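Summary of structural features
Chain by chain, the residues:
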Amino acid sequence: MVPDGAAADANASRNARRERGRRPRWASCRDALWSLTDPHLAPGARVAVVGAGNGDDLPLGRIAHRASVVTLLDIDDAAAAEAVRRVRRGLRRRIRVVQHDVTRGAVDRVVHAASHEGAVGAPAARGAAVGPRSGPATTGDGGTRLPGGPYDLVIGDLLYSQLLYPALLDAGVPADRRRATIAREGGPLTAGVVAVLHASAPVVVHVHDPACWGNGYAQPVELRDVLDAADDDPGEALRLAARAKGPREADPRPALAEAGVPVLSTALWHWPFVDGVDYLVVGTVAGAPRSAGA
Ligand SMILES: C[S@@+](CC[C@H](N)C(=O)[O-])C[C@H]1O[C@@H](n2cnc3c(N)ncnc32)[C@H](O)[C@@H]1O
């Protein structure tokens, strides 16, 4: 069931717009995510995926084949439940779906404050709902872990850029206030989610989409050049990608650096979102290196 909240409604309506042909078009994304995850996924592992959504970019069957339990957590559990139905019947019993807002209501508080900014008696938007001390990582009520945790591996699957923007847009927050709200609240919100994921497993695979080509965006670098650079040197590709315009506040990597969490591996790939709209995806494995023989 989708709860009554701005973030849940905004994400559920986007997930419901899943168009025909998406699954075969995103096959290379599932392969890329599997290649990145495979070395960190031990047989019988307990795995959580946050932002599983429709599961079209997620190699869910391959993960379930290796793992003992896979928990799909999403603010829109209906989409995730549908994704499970596309997995081979024999593996489905290993997969659970849990409706969960990984921000624990922080996004809805930000959206509420931004929608009422300037109104008499309105909550102050600045720091009203989320921040390094009051965000999801430090709620102080035992909510620092994902439900069902701890896990052996957590995947944060393309949710970072979707935490705030869709809900602000659908709430009708004017563009200038939307930009200011995202600039102020987006970074702390992302950092809070990163902290929750790392409190829930020793290793986390973060998947995020730092830049888009098409959709009327004029980018100063070509996606092809970033991907070509990634073949030899992901670090160089990231430096090139940093020149592209995109939602920097939704990048989990600065939060990892800030928290001193080591990056174990990085891969970049092409996300052919719809005809004429392409995203760059950055996959980052971070956490504790596996000890020898583990
Ligand atoms: C772009 S989709 C990810 C793609 C998805 N894995 C797929 O293949 O369809 C982002 C997902 O993050 C989920 N999401 C957004 N905000 C969330 C939150 N606060 N808590 C949990 N899930 C959230 C959305 O419901 C959506 O399913």
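Scoring rules and cut-offs
- Residues numbered from 1 in each chain as written.
- Predicted model: local features only at pLDDT ≥ 70, side-chain atom pairs only at ≥ 80, totals over all residues.
- Heavy atoms only, no water.
- Helix = DSSP H or I, 4+ residues; strand = E, 2+ residues; numbered from the N terminus.
- Contact = heavy atoms within 4.5 Å.
- Phe/Tyr/Trp six-rings, centres within 6.5 Å; stacked < 30°, edge-to-face > 60°.
- Buried < 20%, exposed > 50% of the residue type's maximum accessible area, 1.4 Å probe, protein only.
- Near = heavy atom within 4 Å.
- Polar contact = N/O pair within 3.5 Å; in protein donor to acceptor, adjacent residues only side chain to side chain.
- Areas by Shrake-Rupley, 256 points an atom, 1.4 Å probe, with all protein chains shown as cover.
- Salt bridge = Lys/Arg side-chain N within 4 Å of Asp/Glu carboxyl O.
- pLDDT = per-residue confidence, 0-100.
- Pairing = 2+ DSSP bridges.
- Axes fitted to C-alpha atoms, helices over the stretch in contact; angles between N-to-C directions.

So, the side chain of Thr-181
With respect to the helices, strands and loops of the structure, Thr-181 is situated in helix α9 (residues 175-200). Once residues within four sequence positions are removed from consideration, Thr-181 is found in contact with Val-110, Ala-114, Glu-117, Leu-164, Leu-168 and Gly-186.

Regarding the packing of aromatic side chains
Inspection of the entire model under this criterion finds 5 aromatic pairs. Plain terms: the ring middles of Trp-26 and Trp-271 are 5.2 Å apart, the flat faces sit at 80° to each other, and that makes the pair edge-to-face. In this pair, Trp-26 sits in the loop between α2 (22-25) and α3 (27-37) while Trp-271 sits in strand β6 (residues 263-274), placing the two residues 245 residues apart along the sequence. Note on accessibility: Trp-26 and Trp-271 belong to one class, buried. Here the aromatic rings of Trp-271 and Phe-273 are separated by 5.1 Å at their centres, their planes lie at 85°, and the arrangement is edge-to-face. Feature note: the residues Trp-26, Trp-271, Phe-273 and Tyr-279 constitute an aromatic cluster, connected by ring pairs.

A few points about the site of the ligand
Taken together, the neighbourhood of the ligand is formed by 22 residues, with Asp-56, Asp-57, Asp-74, Asp-101 and Asp-157 sitting nearest. Within the backbone of Ile-75, one N or O atom sits 3.2 Å away from a nitrogen atom of the ligand. Val-102 places a main-chain nitrogen or oxygen 3.0 Å from a nitrogen atom of the ligand. Contact with the protein chains hides 95% of the accessible area of the ligand, taken as 600 Å² for the molecule alone.

Points about the pattern of salt bridges
Within this structure, the stated rule accounts for 12 salt bridges. In this structure, Glu-82 engages Arg-85 in a salt bridge whose closest nitrogen and oxygen atoms are separated by 3.0 Å. Of this pair, Glu-82 and Arg-85 both sit in helix α5 (residues 77-85), 3 residues apart, which is roughly one turn of the helix.

Brief notes about the environment of Ala-242
Within the secondary structure layout, Ala-242 lies in the loop between α11 (234-241) and α12 (252-259). Note: C-alpha distance between Ala-242 and Val-226 (16 residues apart in sequence) is 9.8 Å.

Focus: the confidence of the model for the protein
Summing up the model confidence of the protein, the mean pLDDT is 91 and the portion of residues at 70 or higher is 88%. Here residues 125-141 scores under 50 on pLDDT; set against residues more than four positions off or in separate chains, the count is 36 contacts.

Details of the sheet that holds strand β1 (residues 46-50)
Across the sheet, which stays open at both edges, the 7 strands sit in the order β3-β2-β1-β4-β5-β7-β6 with mixed pairing between neighbours. Looking at the sheet topology across the chains shown, the edges are occupied by β3 (95-99) and β6. On average, adjacent strands in this sheet sit at an angle of 20° to one another, irrespective of strand direction. Across 5 bridges, the pairing between strand β4 (residues 153-157) and strand β5 (residues 203-214) is parallel. By the bridge assignment for β5, Gly-156 is matched with His-206.

Description of the pairing of strand β7 (residues 277-287)
Most of β7 sits inside the fold, with 10 of its 11 residues counted as buried. Here 10 bridges tie β5 to β7, and the two strands are oriented antiparallel to one another. Within β7, the position partnered with Val-205 by the bridge is Val-285. Connecting β6 to the next strand, β7, in antiparallel fashion are 2 residues, including Gly-276 with a positive phi near 85°.

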